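In case you want the letters, here they are:
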Amino acid sequence: MDNPRFLIRKVAVLGAGVMGAQIAAHLVNANIETLLFELPADEKNPNANVVKAIEKLTKQEPSPLSIKQKASFIQPANYEQNLALLKDCDLVIEAIAERMDWKRDLYTKVAPHLGEQTIFASNTSGLSINQLAEAFPEALRHRFCGVHFFNPPRYMHLVELIPCQASDAIMLDHLEAFLVTYLGKGVIRAKDTPNFIANRIGVFSLLATMHHAKEFGFGFDVVDALTGSLIGRPKSATFRTADVVGLDTLAHVINTMRDTLPNDPWHRYFKVPDWMQSLIESGALGEKVKRGVYQKMDGQIHVMDLATQSYRLSEGIVDEDIKQLLKYGGPVEKFIVLRTADKPQAQFLWAIFRDLFHYCAVQLEDIADNARDVDLAIRWGFGWNQGPFEIWQAAGWKQIVEWIEQDIAAVKTMSSTPLPQWVHSIAQSSSQSVHTPQGSYAPVFDQLQPRSRLPVYQRQLFPDRLIGETAEYGKTIFENNAVRMWHLDDGDNVAILSFNTKMHTIGIEVLHSVQQALEEAEKNWRALIIWQTEPPFSAGANLQKASEKPKSSGHRPPPPSAFQRFLAKFMKSAQETVLKAARELDLADALMASKLAEVNTMIQQFQKTSQALRYSMIPTVAAVDGLALGGGCEFVMHCDRAVATLESYIGLVEAGVGLLPAGGGCKEFALRAAQNTKDGDPFPLLKHYFQTVAMAELAKSAEQAKELAYLRRADTIVMNRFELLHVAKAQALALAESGYRPPLHAHQIPVAGDAGIATIQAQLVNLREGDFISEHDYLIGHKIAHVMCGGDLTPGSLVDEEWLLELERAAFMELIATEKTQERIAHTLKTGKPLRN
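Throughout this document, residue positions are counted from 1 along each chain, in the order its sequence is written. Restriction of local features to residues with pLDDT of at least 70 applies here, the model being predicted, together with a cutoff of 80 or more for giving and counting side-chain atom pairs; totals for whole chains, interfaces and linings are based on all residues. To obtain the side-chain values, all non-hydrogen atoms of the structure were used and water was disregarded.

## Points about the overall build of the protein chain
Here is step 1 of the chain: Runs of H or I in DSSP of at least four residues are treated as helices and runs of E of at least two as strands, each being numbered from the N terminus. Counting its regular elements, the protein chain contains 30 helices and 23 strands.
Here is step 2 of the chain: We take the radius of gyration over the C-alpha atoms and set the globule estimate at 2.2 Å times the residue count to the 0.38 power. The C-alpha atoms of the protein chain give a radius of gyration of 28 Å, which matches the 28 Å a tight globule of 837 residues would have.
Here is step 3 of the chain: Taken along the three principal axes of its C-alpha coordinates, the protein chain extends 80 × 65 × 60 Å.
Here is step 4 of the chain: By residue count, 59% of the 837 residues in the protein chain fall in the buried class.
Here is step 5 of the chain: Computed with the Shrake-Rupley method and a 1.4 Å probe, the accessible areas treat only the protein chains shown as cover for residues. With an accessible surface of roughly 33,600 Å², the protein chain has 51% of that area assigned to carbon and sulfur atoms.
Here is step 6 of the chain: Once the 84 positive and 97 negative side-chain charges of the protein chain are each reduced to a mean point, those two points are 1 Å apart. Relative accessibility decides the category of a residue: with a 1.4 Å probe and only protein chains considered, values under 20% of the type maximum give buried, values over 50% give exposed, and everything between is partly exposed. Counting rule for charge: Lys and Arg are taken as positive, Asp and Glu as negative, and neither His nor the chain ends is counted. Lysine's charge is taken at NZ, arginine's at CZ, aspartate's at CG and glutamate's at CD.

Given below as structure tokens:
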């Protein structure tokens, strides 16, 4: 954003409802000064409505805020007293209820108070942007557009940017750059048609699925079992998604389609089903009232049975052969079976895909610039692994066209509208593809349209990729089953290390390979970045090493969907965190064989690798996205810099399975406590760090990772994951250009000693006697305290790093040799659940 007049320093959000408040939350997540407006409450406290909305943000899970303290930076305001504040805002986002008359009245009220260069944008989910623009004086309309965030705004990647006829083109370009870099969004330019792109296609898909569910007589739970993760969509599938959205909200969107799309060939299906209307009238609105299509009773999920008009236990049984096909079959094979099988579940799935493809083909020219925009909008906004055109292309474009035409002729489709000519042109082309390396098909121009050339996208070295596009990851320096070291061949001489292991896990081969990469980098490269071609950064070792196939180095598989990433980020249950902790060290085989000497060797190599990252002669940068657990976290802590996306989930979680961090994590916290103390006493900080390790705390954002000291204050947070490598490379080059030298070895580290251990131990005794922790939990806590306080020494004694590493290693070996820790590890590996013994 090189034009100063488009610098966005301050933003106002109009409307403190669910969306408005969460948009404001995400703005302060990005360190943008934010005002949140709402109707005045009463004379005593006019801003009470806004204050209540802000307080609610701090209690929501998953949290709209990166850290709770961010809520205090949202400035409350109301329409009666504070409209004058709008003149200093560079951007105003309207997010009030979806009523055209209410929005237009508000625009008339606020227009006189806007600054000369203020951009005004509506967060409408589907109302006409051009009709809304008419409420502004003509002189202001060039600064008006739509910016449609998806719920929840912090986590959903999609923002639809919708111009009105008068929108200034330069303004739109700069607003897009702001949304991409500063808010971390994937921006899709949509045409001003009802419900824009994602909701138009996504809601049609829901309606088509509901229609065919009724035709086949399937229960809601069976449909959800068929239309969730088995076909690459969120686990919430169809009817559970309706509950999450809110049945009343979904009904409003459906009615908008009914009222605004009278000429749509599928118009007769744009109506709220009778069963949905009945649930709404009974107050069963979905998840927000704990009752909708589904209801949890006595700890079990029940589903509405239309035949009995009552709730029954949800089962959702999928035919086993259909399940195996969907899990393991290739796309061509899947669709051949779905099209030709005589099984009702297969026929149902073919019907919903067929009508989705049909609808997308007919509507593409009216709603979007090209097929890429439709597919990315559905992936980013609805959480599908692939968009509809991607699925169609993978299944064989020409064959699907022939089948759709046969079904149209047989009156099996929801509409008799013929497929547009461009669909047949693609079918007759040599590639049979709407997505290619050169671009995606644009029916208006009857040609492939390349990706946007806006400067902001030059920061995305490897953008989110569609089927038909390729991603070549530079030139290889060396590669084995564990890692690939490579570079971009751009003359900057920065080496990049990516793991080839499943979930980017850390085992003995990875450790040796990182050491090898550091030796190579010191000889021939200016810096080394650890960056993965897809998240997570490192989520723990795969214990089935013998059967694991290495990742392909040259091409990135389709990245996890937005919804999958959303779920992965919030592992709230202890069992998930503990399971990953158990898998963190590649030692299960050795442990089960009682080969503790092998475990000890591995721990030594882990510590050696962490120290090598810290004291390498070239700068090391960890580029973190997603999970960084256990050893992955320790790698991050030992690199010179970390560059992390906001949605990074970092933690030392070994205590969950009866162990402690042994790759330098305990040592590092003891060192940081000593370095950051203000009065020479490390214990006040150490007490906080002890709690972080002993409770296996997992940071739920990069901001929280700074609070927990997994990240340092100097580490950088990036909002857009596709800009991560660009920023990490800039950080590495900055360090190299500054005449980088590694830090001096710490030989005089003051420790808390036996007094610190005794203080923590007293707290542990109280917890044990109160039955808050078990005897073995007490032992684990004591070992962690012993290491982090430097052992049984006089407080203030000076030790070096090797002393702390030896304590760490010894404590780890003592714990892993205990029967109870081995029981915990074995139980977790077998069941995926934690054991408290």
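Once you've had a look at it, read on.
## Considerations on the sheet that holds strand β12 (residues 435–436)
Sheet strands associate in pairs through backbone hydrogen bonding, adopting either a parallel or an antiparallel arrangement.
Here is step 1 of the chain: Strands are labelled as partners when DSSP assigns at least two bridges between them. On the basis of which strands lie adjacent, the open sheet formed by 3 strands has the order β12-β13-β14 and antiparallel pairing. In the strand order of this sheet, the two ends are held by β12 and β14 (447–449), each with one partner.
Here is step 2 of the chain: One ladder, built from 2 bridges, connects β12 with strand β13 (residues 439–442); its direction is antiparallel. When the sheet's bridge partners are listed, His435 is paired in β13 with Ser440.

## A few points about the packing of aromatic side chains
Describing an aromatic ring pair means giving the distance of the ring centres and the angle of the ring planes.
Here is step 1 of the chain: Working definition: a ring pair exists when centres of Phe, Tyr or Trp rings (six-membered ring for Trp) sit within 6.5 Å. Plane angles under 30 degrees give stacked, over 60 give edge-to-face, the rest tilted. On inspection of all chains with the given rule, the structure shows 39 aromatic pairs.
Here is step 2 of the chain: A ring is scored as having a charge over it whenever the NZ atom of a lysine or the CZ atom of an arginine sits within 6 Å of its centre and within 35 degrees of its normal. Between the NZ or CZ atom of Arg233 and the centre of the ring of Trp384, over which it lies, the distance is 3.8 Å.
Here is step 3 of the chain: Residue placement shows Arg768 over the ring face of Tyr778; its charged tip is 4.2 Å from the ring centre.

## A closer look at helix α12 (residues 331–340)
Here is step 1 of the chain: Along α12, the positions that sit buried rather than exposed are Phe335, Leu338 and Arg339. Buried residues in α12, looked at end-on, bunch into an arc of 95 degrees, giving them a common side. Working note: the arc is built from the helix axis to C-beta atom directions.

## Examining the confidence of the model for the protein chain
Here is step 1 of the chain: What pLDDT expresses is the predictor's confidence in each residue, scored from 0 to 100. Chain-level pLDDT for the protein chain is 92 on average; 93% of the residues reach the 70-or-more range.
Here is step 2 of the chain: Should any heavy atoms of two residues lie within 4.5 Å, those residues are considered in contact. Here residues 541–578 is modelled with pLDDT under 50, and outside its nearest four sequence neighbours on either side it reaches 97 contacts, counting other chains as well.

## Some details on the environment of Gly316
Here is step 1 of the chain: With respect to the helices, strands and loops of the structure, Gly316 is situated in the loop between β11 (310–313) and α11 (320–328).
Here is step 2 of the chain: Sequence separation of Gly316 and Ala730 is 414 residues, and the distance between their C-alpha atoms is 50 Å.
Here is step 3 of the chain: Sequence-distant contacts of Gly316, defined by excluding residues within four places in its chain, comprise Asp221, Val222 and Ala225.

## Quick look at the nonpolar core
Here is step 1 of the chain: By size, the foremost hydrophobic cluster in this structure holds 122 residues, and its most contacted members are Met276, Phe389, Trp392, Trp397 and Trp422.
Here is step 2 of the chain: The greatest single-element share of this core, amounting to 13 residues, is contributed by helix α13 (residues 344–367).
Here is step 3 of the chain: The contact partners of Trp422, leaving out residues within four places of it in the chain, are Ala361, Leu364, Phe389, Trp397, Val434, Tyr441 and Pro443.
Here is step 4 of the chain: By size, the runner-up hydrophobic cluster in this structure holds 91 residues, among which are Ile506, Ala642, Ile784 and Met788. Side-chain atoms within 4.5 Å are what join buried Ala, Val, Leu, Ile, Met, Phe, Trp, Tyr and Cys residues into a set we call a nonpolar core.

## Topic: the packing of helix α9 (residues 247–260) against helix α10 (residues 274–281)
Here is step 1 of the chain: Here, axes are lines fitted to C-alpha atoms. For helices the fit covers the stretch in contact, and angles between N-to-C directions go from 0 to 180 degrees. It is at 10 Å that the axes of α9 and α10 come closest, and there the two elements cross at 135 degrees. With respect to α10, the element α9 is oriented oblique. Note that α9 runs across α10; the crossing there is left-handed. Where α9 approaches α10, its residues Leu247, Asp248, Leu250, Ala251 and Ile254 are matched on the opposing element by Met276, Leu279 and Ile280.
Here is step 2 of the chain: For the contact of α9 with α10, the residue count by class is 7 nonpolar, no polar and 1 charged. Each angle receives one of four descriptions, namely roughly parallel if under 35 degrees, roughly antiparallel if over 145, roughly perpendicular if within 65 to 115, and oblique otherwise. Helix crossings are classified by the rotation of the near helix relative to the far one: an anticlockwise turn of less than a right angle makes the crossing left-handed, while a clockwise turn makes it right-handed. Residue polarity is assigned by list, with Asp, Glu, Lys and Arg as charged and Ala, Val, Leu, Ile, Met, Phe, Trp, Tyr, Cys and Pro as nonpolar; anything else, Gly included, falls into the polar class.

## What about unusual backbone geometry?
Here is step 1 of the chain: Look at the link from Glu61 to Pro62: it is a cis peptide, with omega at -5 degrees.
Here is step 2 of the chain: Here Pro62 lies in the loop between α2 (48–57) and β3 (74–78).
Here is step 3 of the chain: For the bond from Pro535 to Pro536, the omega torsion is 10 degrees, close enough to zero to count as cis.
Here is step 4 of the chain: Along the chain, Pro536 falls in the loop between β18 (527–531) and α18 (562–569).
Here is step 5 of the chain: If you check the backbone angles, Phe196 has positive phi at about 55 degrees while not being a glycine.
Here is step 6 of the chain: Considering the arrangement of structural elements, one finds Phe196 in the loop between β8 (186–189) and α6 (198–216).
Here is step 7 of the chain: A residue is classified by how much of its surface remains accessible, and Phe196, at 0% relative accessible area, is buried.
Here is step 8 of the chain: One non-glycine residue, Met503, lies in the positive phi region at around 55 degrees.
Here is step 9 of the chain: Residue class for Met503 comes out partly exposed when judged on its relative accessible area of 37%.

## Section: the side chain of Thr118
Here is step 1 of the chain: Looking at the element boundaries, Thr118 is found in the loop between α3 (100–110) and β5 (119–122).
Here is step 2 of the chain: Looking at Thr118, the relative accessible area reads 2%, which means it is buried.
Here is step 3 of the chain: There is a polar contact of 2.8 Å between the side chain of Thr118 and the backbone oxygen of Cys89. Whenever two N or O atoms come within 3.5 Å, that pair is a polar contact, provided that in protein one can donate a hydrogen and the other can accept it, and provided that, for residues adjacent in sequence, both atoms are side-chain atoms.

## Re the pattern of salt bridges
Here is step 1 of the chain: By definition, a salt bridge exists where a carboxyl oxygen of Asp or Glu is found within 4 Å of a side-chain nitrogen of Lys or Arg. Under the criterion given, the structure shown has 39 salt bridges.
Here is step 2 of the chain: Taking the shortest distance from any N to any O, the salt bridge between Asp101 and Arg99 comes out at 2.8 Å.
Here is step 3 of the chain: Owing to a relative accessible area of 35%, Asp101 belongs among the partly exposed residues under this scheme.
Here is step 4 of the chain: Notably, a salt bridge pairs Glu134 with Arg104, separated by 3.6 Å at the nearest N-O pair. In this pair, Glu134 sits in the loop between α4 (129–133) and β6 (144–149) while Arg104 sits in helix α3, placing the two residues 30 residues apart along the sequence.
Here is step 5 of the chain: Among the charged side chains, a network of salt bridges with common partners joins Arg614, Lys667, Glu668, Arg672 and Glu801.

## A few points about the packing of helix α24 (residues 683–694) against helix α28 (residues 775–788)
Here is step 1 of the chain: α28 packs onto α24 with a crossing angle of 140 degrees between their chain directions and a minimal axis gap of 10 Å. The orientation of α24 relative to α28 falls into the category oblique. Crossing angle aside, the handedness with which α24 passes α28 is right-handed. Residues Leu686, Tyr689, Phe690, Val693 and Ala694 of α24 form the contact with α28, whose own contacting residues are Gly781, Ile784, Ala785 and Met788.
Here is step 2 of the chain: Tallied by class, residues from the contact of α24 with α28 come to 8 nonpolar, 1 polar and no charged.

## Examining the sheet that holds strand β1 (residues 10–14)
Here is step 1 of the chain: Pairing is mixed across the open sheet formed by 8 strands, whose spatial order is β3-β2-β1-β4-β5-β6-β7-β8. If you trace the sheet from one side to the other, it starts and ends with β3 and β8, each paired once. Averaged over all neighbouring strand pairs, the angle between strand axes comes to 25 degrees, with direction disregarded.
Here is step 2 of the chain: Where strand β2 (residues 33–38) and β3 come together, 5 bridges link them in parallel fashion. Of the residues in β3, the one forming a bridge with Thr34 is Ile74.

## Some remarks on helix α14 (residues 371–382)
Here is step 1 of the chain: Any helix carries an expected span of 1.5 Å times its number of residues minus one. Look at α14: 16 Å from first C-alpha to last across 12 residues, which is about the 16 Å you get at 1.5 Å a residue.
Here is step 2 of the chain: Counting buried positions over the 12 residues of α14 gives 12, a clear majority of the element.
Here is step 3 of the chain: Of all the positions in α14, only Ala371, Arg372, Asp373, Val374, Asp375, Leu376, Ala377, Ile378, Arg379, Trp380, Gly381 and Phe382 are classed as buried.
Here is step 4 of the chain: With a side-chain oxygen positioned 3.0 Å from the backbone nitrogen of Arg372, the residue opening α14 is Asn370.
Here is step 5 of the chain: Directly after α14, the chain includes Gly383, whose backbone phi takes a positive value near 80 degrees.

## Comments concerning the environment of Val494
Here is step 1 of the chain: Relative to the assigned elements, Val494 resides in strand β17 (residues 494–499).
Here is step 2 of the chain: Placed 458 residues apart in sequence, Val494 and Leu36 show a C-alpha to C-alpha distance of 43 Å.
Here is step 3 of the chain: With sequence-adjacent residues up to four places away left out, Val494 is seen in contact with Trp486, His487, Trp525, Ala527, Ile529, Lys729 and Leu733.

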